[in-house]
Amino acid sequence: MSAEVLIETIEVSRIYNPGMPCEVKAVDRISLKINRSDVVVIKGPSGSGKTTLLSLIGCMSRPTEGKVLIKEKDAVKLPESFLTQIRRDTFGFIFQQLHLIEGITVEENVMLPMYPLGARLDDIKDSAEKLLKKLDLLKKKSYKIKQLSGGEKQRTAIARALINNPEVILADEPTAHLDTALSEEFMSILYDLNQEGKTLIIATHDPLVYQEPYITRIIEMRDGAVL
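Residues numbered from 1 in each chain as written. Predicted model: local features only at pLDDT ≥ 70, side-chain atom pairs only at ≥ 80, totals over all residues. Heavy atoms only, no water.

Q: Sorry, what's going on with empty space enclosed by the protein here?
A: If a probe the size of a water molecule is rolled over the atoms, the empty space left behind becomes visible. Under the criterion given, the structure shown has two cavities of 30 Å³ or more. In this structure, the largest cavity occupies an estimated 40 Å³ of space. Forming the boundary of the largest cavity are L56, C59, S61, R62, P63, V68, A75, V76 and L83. For the lining of the largest cavity, the residue count by class is seven nonpolar, one polar and one charged. As for the second largest cavity, its lining consists of G151, Q154, R155, I158, L178, L182, E185, F186 and I189. Mapped onto the lining of the second largest cavity, the elements with two or more residues apiece are helix 5 (150–162) and helix 6 (180–195). Among the residues making up the lining of the second largest cavity, the classes are represented as five nonpolar, two polar and two charged. (1 Å grid on protein atoms, 1.4 Å probe; cavity = no way out; pocket = protein on both sides within 12 Å on 5 of 7 lines; lining within 4 Å. Points joined across faces, edges and corners; volume = space filled by probe spheres on them. Nonpolar A, V, L, I, M, F, W, Y, C, P; charged D, E, K, R; others polar. Helix = DSSP H or I, 4+ residues; strand = E, 2+ residues; numbered from the N terminus.)

Q: Would you mind going over the sheet that holds strand 8 (residues 199–204) with me for this structure?
A: Remark on secondary structure: sheet strands pair via backbone hydrogen bonds, oriented parallel or antiparallel. On the basis of which strands lie adjacent, the open sheet formed by six strands has the order 6-7-8-3-9-10 and mixed pairing. Looking along the sheet, the strands with just one partner apiece sit at the ends: strand 6 (91–94) and strand 10 (225–226). Looking at chain direction, strand 9 (residues 217–222) and strand 10 are connected through two bridges and run antiparallel. Counterpart to R222 in the pairing with strand 10 is A225. Helix 2 (residues 80–90) contacts strand 6 and strand 7 (168–172) of the sheet and is inclined by roughly 75 degrees relative to strand 6. Here helix 5 sits on the sheet in contact with strand 6 and strand 7, set at roughly 165 degrees to strand 6. (Pairing = 2+ DSSP bridges. Contact = heavy atoms within 4.5 Å. Axes fitted to C-alpha atoms, helices over the stretch in contact; angles between N-to-C directions.)

Q: I'm lost on the pattern of salt bridges in this one. Help?
A: Any two side chains of opposite charge can pair, on the condition that their charged atoms come close. According to the stated counting rule, one finds 16 salt bridges in the structure shown. The salt bridge partner of K25 is D28, with a shortest N-O separation of 3.8 Å. The salt bridge partner of R120 is D122, with a shortest N-O separation of 3.7 Å. The two residues R120 and D122 agree in class, both being exposed. (Salt bridge = Lys/Arg side-chain N within 4 Å of Asp/Glu carboxyl O. Buried < 20%, exposed > 50% of the residue type's maximum accessible area, 1.4 Å probe, protein only.)

Q: Where do I start with the sheet that holds strand 2 (residues 24–35) in this structure?
A: Strand order in the open sheet made by the four strands is 2-1-4-5, with antiparallel pairing throughout. At either margin of the open sheet sits one strand with a lone partner, and together these are strand 2 and strand 5 (73–74). Pairing between strand 4 (residues 65–70) and strand 5: two bridges, direction antiparallel. Counterpart to I70 in the pairing with strand 5 is K73.

Q: Would you mind going over a nonpolar patch on the surface with me for this structure?
A: Side chains of I101, L112, Y115 and L121 sit close together on the surface and give an oily, nonpolar patch of about 350 Å² of accessible area. If you trace the backbone, L121 turns up in helix 4 (residues 121–134). For L121, a relative accessible area of 48% corresponds to the partly exposed category. (Patch = residues over 30% accessible without salt bridge, like charges linked within 9 Å, V, L, I, M, F, W, Y side chains within 5 Å. Areas by Shrake-Rupley, 256 points an atom, 1.4 Å probe, with all protein chains shown as cover.)

Q: Can you walk me through unusual backbone geometry in this structure?
A: Most peptide bonds take the trans configuration, and most residues that are not glycine carry a negative phi. Backbone geometry at S37 places phi at a positive 75 degrees, although glycine is not the residue there. As for its placement among the helices and strands, S37 is situated in the loop between strand 2 and strand 3 (39–43). Positioned with a positive phi, K71 is a non-glycine residue whose angle comes to about 50 degrees. Relative to the helices and strands, K71 resides in the loop between strand 4 and strand 5.

Here it is, written out as structure tokens:
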């Protein structure tokens, strides 16, 4: 049985300031396919375009040229409201800077992505607490973010990314601010998620990430192009 293609980019480019002297082609005509349950690393130095490609794959930005197909549907042509729906239903995001809100609790941070969906508060809390228990954070659910260690903050960000039960986890330089032990813990959590059927796409230049044996594919980038 052939693998199911979940995401496909076709000749996709992202150009900033097109036609101007300061024009930058952050992503240059990239075509690739990502299958369900793949663990894909987008590897490259700073400025190579890997974060921009990740944002295009996750429908966080639109390409200047080309197509982004999500389950064979061209997301580029969709109005913003439908694109928002795809982001919520398909993707969970783990950002380099985490973007946790310092002034609210761990549980409240995890619950945030669920609020726009109109679910009952009790159901949202129940989902959040199940994730926090899974990630060994339930005892910290009432803590403010500033009271957490680096690893606990990372696990909170993972729980928030999982709250909508997305099919795909996108992670941008997720180990950039973690020491070796915490990086290994993070990758172990991602491995478990992949074993549950999640598709993982990780942008990184960290060898601790792309040398993991369960990585199914490495996409190497430089100057906006795939090598």
